[in-house]
Structure formats: C-alpha cells, structure tokens
There are 2 protein chains.
Amino acid sequence: MQAFVLHFGEMGSRWGINRTVGQICALLFLSGRPLPADEIAEALGFSRSNVSMGLKELQSWRLVRLQHLPGDRREHFSTPDDVWQIVRTLAEERRRRELDPTLSVLRDLLLDKVASPEDRHAHARMREMHDLLELITRWSEDIQKLETDQLVELIRLGGRVVRLLELKNRLPLIGRGGKAGAGDKADDSRPTDESSFDEDLMS
Amino acid sequence: MQAFVLHFGEMGSRWGINRTVGQICALLFLSGRPLPADEIAEALGFSRSNVSMGLKELQSWRLVRLQHLPGDRREHFSTPDDVWQIVRTLAEERRRRELDPTLSVLRDLLLDKVASPEDRHAHARMREMHDLLELITRWSEDIQKLETDQLVELIRLGGRVVRLLELKNRLPLIGRGGKAGAGDKADDSRPTDESSFDEDLMS
DNA sequence: TCGTCTTTTCAGAAAAGACTGAAAGTTGAA
DNA sequence: TTCAACTTTCAGTCTTTTCTGAAAAGACGA
C-alpha cells in the first residue's frame, strides 16, 4: 500500500494535481472503508490542514464523496468503488478543464481577420487544431454515455478492428482499392478520403 | 498568434511541461518555417538559455525536429506539419512515461503476498487498476499502428456506434434481453463474452 | 591554427507552489 | 445558548521549479 500511495503521489505531481492530492486519492482508493480526515493525515504524515485542502481539491474533481457514518460526527471520505468510474470522471473533468477552454479560445481566434501571409498559415494551423480537438471532444462526449461494460467492449472492438486491418494489409490480394460510401459527418465539408475504412470494416 | 501561444503556455503548465515549453511548441507550430533559437527567444521574450532548455525538453518528447538551413549556421527547429502527428506523438510519449511505469509498479506489487484482510482489499483494487491500465495500454498501442486517416475514421466509427446503441435503447421493442454478458473482467485470452456488443453492432 | 559565431551548462536569483500552525468558523447535542 | 468536536482559512515558512547571465564548450571557415 505504501508503495502504491507513494507512486501515485509522484504521478499526481506530474499531472496538474499535487503530491498530497495524489496520495490521498490513492489511499482512499485502496482503503476498504471511508476515512475521516484525521486518519488520512496520520496515515500519510501530512498536517490536518493540508489534508483538508487536498480533499477539497479532490471533491472539485468529483473523485471523492463525503459521507457521514452513524455515531461519528467526523466527515468520512471515499472514492467511487469502481476504477472505471474513477477514470471516467477524471477524463470528463479533464475535458471540461482543458479541452473545452482551448476549443473556446480557438473558436474566437478563428473569427479574426487574416491579414499577412504569415497569419494565413497560422490561421490554417489553428483550424486544423480546432477540428481535431472538436472531433476528440465529440468522441469523448459520446463515450461517456456508455455503460462501463459497453465501453470496455468498444475499446476491445477498436483493438480487434486494428488487428483486422493489419491482417488484411498482409494479404494484399484481398484489398481492392475501394470508393463508394455516402455522405458522412459533413461538418468539415472537405471530401475526406471517405469510404475505405468503414466499408472495409463492415465487409 | 499571441493569444494562441499564451494559451498553450498556460495549458502546458497544467500538464507536466512548463510554460516556456508550451509556448515554444505553440510558436513553432504556428510558424510557417523552422525557427532558430534566438528568434524564438526574441519572439517570446525569454532568455536564450531558457529557450535552449525548452528545446531540449521538446526534443525529448519528439515534438520538435532540428534542421539546418543552407547558408545559415544556426540550428533551426520545427514541429511536425501534421497536427495529428503531434497529438499522436504526445499520446505515445505520455503512455511511455506515465502508464508504463505505473503498470510496472503494479505488476510488482501484485506479486506480494497478501496478509491481513486489509491487504486483501487493497490487493483486489490494485488488480482492477492494473487490468484497466493494461487494457488501455494495449488499445493505445493498437491505435498507434493506424494511419492517421484510419484513426480518424475509427474515432468517428466509435461515435456512430454509441449513437446507434443509444437509438436502440430508445426503441425498446427491438432490444431483447438487456445487459447480457456473463463474466467480464479477467485478463484476455479467453473467448470474452463476445457476442452482445459486436453482434449488436454488426446487425 | 585562430577567431567568430553558436549552443550548452550551471550557480544562483526570482517566482511559484506546497505545507504548516494558529485562529476563526461551523455544527450538533445538551 | 453554550460547549466541545470538528473543519476551514490564511499568513507566513519552507521547498521546488523556473529562469537568467556569465562562462565554458563546440563548430566552422579562413
């Protein structure tokens, strides 16, 4: 447990969240029961107030839930039981905090007039970035709608699709170069090379 | 350009990379041509040596390439032309730096003997975490094998699948047997409960 | 080889961030 | 209402990270 908690402390500090927060989260995750702040402070060797800060932060990430145990006035904290739930919450929160604001900045910038040829290039780059982030945002929103077991299957499916394509590439006699395929997405108007992929998949 | 660079500086500092590095990367991305270190320093208002550090860091992330322009002794730097390439490199590098070490720690910890019932629970949690991370690692390795346009299609496909399932749920007359799926979890190898998901998809 | 142009390194200044103890705030039972 | 149990806040300290200028190291042409 020691090692796990310390590792996630380190990991935490590579991300936005700091060591304290990482460790608290790891501890709560491993612990079989909700813990009160003072036990956390004792277990990790942090000051009580530091733990209080950390817990507040974790709550803002929706990673810990506060609950009251009968016969104990102290507040107890716990992470969700399901690892997948934790990861999903984390992903969603990161999207909200990082992707969304970035997209919003990009949208604004794309409204500006292009003047110099230097700007022209920069503008085009921003659009590419914008489109990419929008695609990912949309995808992650969709993903969030799935039940966890469906999500797991979708991930496995992804892997299988890749391996399938890979296999196909090794047997070039089957791969004819296809066209076809009706409109798709549309939102970015360019005639993406379309077809090939889903057609291959579905066949 | 100003705004874009500043924004990515901020974003950078929320991630592991620092403001300087984020700004340098953003600047190179927007700039239509490779830039020498001193131009970067001037454009961003950092000291020459700071830029040198930043570039070194960016190179360790494989996000910038060094090149020599004819007739100029200075080294020039540029990001890949393709946004997708950048994001993919970033993802791969993060996996290497964050997921892999974590998995390795978890694997080690899972070898330890379980003693107390407290440990029992912690052990189980670590296993869940391990399995999840392994699934994601595998998936991301698979994903990396695709050409960019295939990847884009796969992402779109994912979204479409979700919307399809969602639609199906809204028309319960079609949806026979809910949930399904016997054992889930567990490593891989065995014939995963298979069916339910992809069968639904393919039909 | 030297001299010039360029990059890297590094010790320490400056800034940012984490952490603490003390004090103020909150809550619920009596 | 008061008190004790508990939580939060915050000013200040300590730690870490970032950034700089000066100096060393490297590269190239003459």
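To be clear, the structure that these remarks concern was listed above.
About the cut-offs
- Residues numbered from 1 in each chain as written.
- Chains lettered and ligands numbered in written order.
- Predicted model: local features only at pLDDT ≥ 70, side-chain atom pairs only at ≥ 80, totals over all residues.
- Heavy atoms only, no water.
- Helix = DSSP H or I, 4+ residues; strand = E, 2+ residues; numbered from the N terminus.
- Buried < 20%, exposed > 50% of the residue type's maximum accessible area, 1.4 Å probe, protein only.
- Contact = heavy atoms within 4.5 Å.
- Areas by Shrake-Rupley, 256 points an atom, 1.4 Å probe, with all protein chains shown as cover.
- Near = heavy atom within 4 Å.
- Polar contact = N/O pair within 3.5 Å; in protein donor to acceptor, adjacent residues only side chain to side chain.
- Nonpolar A, V, L, I, M, F, W, Y, C, P; charged D, E, K, R; others polar.
- Least-squares fit on C-alpha atoms with pLDDT ≥ 70 in both.
- Expected span 1.5 Å × (residues − 1).
- Bend = angle between axes of the 7 residues up to and from the residue.
- Salt bridge = Lys/Arg side-chain N within 4 Å of Asp/Glu carboxyl O.

**Student:** Just give me the short version of the overall build of chain A, but keep the residues and values in it.
**Tutor:** Check the secondary structure of chain A and you find eight helices and three strands. When its helices and strands are written in sequence order, chain A yields α-α-β-α-α-β-β-α-α-α-α. Counting only residues that meet the buried cut, chain A has 42% of its 203 residues in that class. Within chain A, contacts between residues separated by at least 24 positions form 52% of all contacts whose residues are at least 6 apart in sequence. A total of about 11100 Å² of accessible surface is found on chain A, and carbon and sulfur atoms cover 55% of it.

**Student:** Give a description of the protein's contact with DNA strand C that names residues and reports values.
**Tutor:** Around DNA strand C, the structure places 16 residues, and the nearest of them are A:Thr20, A:Ser47, A:Ser49, A:Arg73 and B:Arg48. Those atoms of DNA strand C that come within 4 Å of the protein belong to sugar or phosphate at a rate of 63%. Note that a phosphate oxygen of DNA strand C is positioned 2.6 Å from one of the side-chain N or O atoms of B:Arg48. Within the side chain of B:Ser52, one N or O atom sits 3.0 Å away from a phosphate oxygen of DNA strand C. Among the elements of the structure, α2 (19–30) and α4 (48–60) of chain A together with α4 (48–60) of chain B are those that each provide at least two residues to the surface near DNA strand C. Among the elements that make up the surface near DNA strand C, the one with the highest residue count is α4(B) (five residues). Broken down by class, the residue content of the surface near DNA strand C amounts to two nonpolar, seven polar and seven charged.

**Student:** Residue-level account of the protein's contact with DNA strand D, with values.
**Tutor:** Looking at DNA strand D, there are 16 residues lining it, with A:Arg48, A:Lys56, B:Thr20, B:Ser47 and B:Ser49 nearest. The sugar-phosphate share of atoms of DNA strand D within 4 Å of the protein amounts to 66%. Between a phosphate oxygen of DNA strand D and a main-chain N or O atom of A:Glu75, the distance comes to 3.2 Å. At 2.8 Å from a base oxygen of DNA strand D is found a side-chain nitrogen or oxygen belonging to B:Ser49. Listing elements by their share of the surface near DNA strand D, those giving two or more residues are α4 of chain A together with α2 (19–30) and α4 of chain B. By residue number, the principal contributor to the surface near DNA strand D is α4(A), which donates five residues.

**Student:** Which residues make up the side chain of A:Thr89, and what values go with them?
**Tutor:** Residues and elements named next belong to chain A. Relative to the elements of secondary structure, Thr89 occurs in helix α5 (residues 83–111). A polar atom in the side chain of Thr89 sits 2.8 Å from the backbone oxygen of Gln85. Excluding its chain neighbours within four sequence positions, the residues that come into contact with Thr89 are Trp61, Arg62 and Leu63.

**Student:** An account of the relation of the copies chain A and chain B is requested, with residue identities and associated values reported.
**Tutor:** Both copies of the chain are related by a screw-like operation: a rotation about an axis and a shift along it. When chain A is brought onto chain B, the operation consists of a screw motion whose angular component is 180° and whose axial shift is 0.0 Å, with 0.1 Å RMSD remaining. Each copy turns onto its partner about a two-fold axis. In terms of C-alpha distance to the rotation axis, chain A has A:Trp15 as its closest residue, with the C-alpha 2.6 Å off the axis. With an isologous cut-off of 70% or more, the 98% of interface residues of chain A that recur at the interface of chain B puts this contact in the isologous class.

**Student:** Describe α5(A), naming the residues involved and giving the relevant values.
**Tutor:** Given 3.6 residues per turn, any residue in an α-helix points the same way as the ones three and four places further on. Residue and element names in this part refer to chain A. In this model, α5 (29 residues) spans 41 Å end to end at C-alpha, consistent with the 42 Å of a helix rising 1.5 Å per residue. Remark: the principal bend of α5, roughly 35°, maps to Arg95. Where α5 starts, the residue carrying a side-chain oxygen 3.0 Å from the main-chain nitrogen of Trp84 turns out to be Asp82.

**Student:** Which residues make up the pattern of salt bridges, and what values do they have?
**Tutor:** All names here are of chain A. Inspection of every chain in the model, using the stated rule, returns 34 salt bridges over all chains. Here Arg96 makes a salt bridge to Glu93, at a shortest N to O gap of 2.5 Å. Of this pair, Arg96 and Glu93 are both found in helix α5, three residues apart, which corresponds to roughly one turn of the helix. Relative accessible area serves as the criterion here: at 46%, Arg96 is assigned to the partly exposed category. By relative accessible area, which is 2% here, Glu93 ends up buried. Between Arg127 and Asp131 there is a salt bridge, with the nearest N and O atoms lying 3.4 Å from each other. Residue Arg127 and its partner Asp131 are located together in helix α6 (residues 117–145), separated by four residues, close to a single helical turn. A relative accessible area of 23% places Asp131 in the partly exposed class. One network of salt bridges, in which partners are shared, links Arg62, Glu92, Glu93, Arg96 and Arg97.

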